[in-house]
Amino acid sequence: MIEEERQKNKAKYFILMHFVLLFLSLNAVCSKQAAQYDWFTFKWFLFYGLVIFCLGTYAIAWQIILKGLPLTVAFSNKAVAIFWGMFWGYVLFDEQITLKQIISAVIILTGIIIISTEKEPEKAKINDASEVEQNE
Amino acid sequence: MNEMVLYSGIFLMGVVISSFAQIALKKTADKPHDSFIRQYMNFPVIAAYTVFFLATLLSILAYKVIPLSMGPVLESTQYLFIALLSWIFLKEHISKRKIFGIGIVIFGILLYSFW
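This write-up is about the structure you can find in this document. (Residues numbered from 1 in each chain as written. Chains lettered and ligands numbered in written order. Predicted model: local features only at pLDDT ≥ 70, side-chain atom pairs only at ≥ 80, totals over all residues. Heavy atoms only, no water.)

Another aspect to go through is helix α4 (residues 81-93) of chain A. Along α4 of chain A, the residues classified as buried are I82, G85, M86, W88 and G89 of chain A. Taken together, the buried residues of α4 of chain A touch α1 (2-34) and α5 (99-116) of chain A together with α4 (71-75) and α6 (96-114) of chain B. Within two residues after α4 of chain A, D94 of chain A carries a phi angle of roughly 55 degrees, on the positive side. (Buried < 20%, exposed > 50% of the residue type's maximum accessible area, 1.4 Å probe, protein only. Helix = DSSP H or I, 4+ residues; strand = E, 2+ residues; numbered from the N terminus. Contact = heavy atoms within 4.5 Å.)

Quick look at the structure:
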């Protein structure tokens, strides 16, 4: 029963994390939009303000996510930003997305997963210890 | 094409300076501080956040030319920069697995850019 509850909680954090990452991807959208205007004009400030707002909100939300999910899961999922970038580029800025780019993005994602799923020896020990504690 | 390379360079410069800032944050986080406030209000932390702020301006400058879809791809180079800088300044060990992963990321970025 407790195990079921824990899995449910993890799933909740996982979904929340992807909402946060979607929100973070809007920071790049606002940067790109700000880039369309002359610097220090009203619209430039508006979109740059949104960039800072997105980053600030993300920083706070990410701390909450890290409490509920292992760092390796959080970091490897962060790579989804590449796909959001392609999606928003295609939908909002009429950018061409080719099959070659999608294949390259999958390769980058694979590399990121390899890097971020590595368990450091000390960390592995700590994780095991906390798991024992939780089981108790 | 040349313009694209130049503006990609500007974007990458933002990634590099942010990576330096990350290392500075890590270095101060490891040091003991007199108080909670001191932990945040000290030179390396303020400098790091100023650098993050500058990096956002560099990315806006770069997005004038580079497509939105390219931004997060170029940002993936931070895995390389952070690993290198951690090795140099924090004396962190880079495992074979990490080198392999970084190699794949760089290969993917080059494919994305030039294929």
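Further notes follow.
Contacts between the two partners involve 30 residues from chain B, matched on the other side by 36 residues from chain A. Interface area, chain B with chain A, both sides summed: about 3,000 Å², of which 72% is carbon and sulfur. Our enumeration of links across chain B and chain A arrives at zero salt bridges. One can count 11 residue pairs in polar contact (both at pLDDT 80 or more) joining chain B with chain A. Counting residues per element, the ones that place at least two in the side of chain B that touches chain A are α3 (43-62), α4 and α6 of chain B. At 12 residues, the largest contribution of residues to the side of chain B that touches chain A is made by α6 of chain B. Looking at the side of chain B that touches chain A residue by residue, the classes come out as 20 nonpolar, seven polar and three charged. (Buried area = accessible area lost by both parts, 1.4 Å probe. Salt bridge = Lys/Arg side-chain N within 4 Å of Asp/Glu carboxyl O. Polar contact = N/O pair within 3.5 Å; in protein donor to acceptor, adjacent residues only side chain to side chain. Nonpolar A, V, L, I, M, F, W, Y, C, P; charged D, E, K, R; others polar.)

Next up on the list: the nonpolar core. Judged by nonpolar contacts, the single largest core of 38 residues is most densely connected at I82, I108 and I112 of chain A together with F11, Y63 and I66 of chain B. Excluding its chain neighbours within four sequence positions, the residues that come into contact with Y63 of chain B are A28, S31, K32 and A35 of chain A together with F11, L68, G71 and P72 of chain B. (Core = buried A, V, L, I, M, F, W, Y, C linked by side-chain atoms within 4.5 Å.)

All names here are of chain A. You will see that F40, though not glycine, has its phi angle at about 65 degrees, which is positive. One can find F40 in the loop between α1 and α2 (42-68). Here F40 falls in the exposed class, since its relative accessible area comes to 58%. Backbone geometry places D94, a non-glycine residue, at a positive phi of 55 degrees. Residue classification places D94 among the exposed positions, given a relative accessible area of 68%.

Another aspect to go through is the packing of α1 of chain A against α2 of chain A. Residues and elements named next belong to chain A. Closest axis-to-axis distance for the α1/α2 pair is 8 Å, and the angle between their directions is 160 degrees. Taken together, α1 and α2 sit at an angle that is classed as roughly antiparallel. Note that α1 runs across α2; the crossing there is left-handed. For the contact of α1 with α2, a count of residues per class yields 23 nonpolar, five polar and one charged. (Axes fitted to C-alpha atoms, helices over the stretch in contact; angles between N-to-C directions. Parallel < 35°, antiparallel > 145°, perpendicular 65-115°, else oblique. Left-handed = near helix turned anticlockwise from the far one by under 90°.)

Keep in mind these values describe shape, not function.
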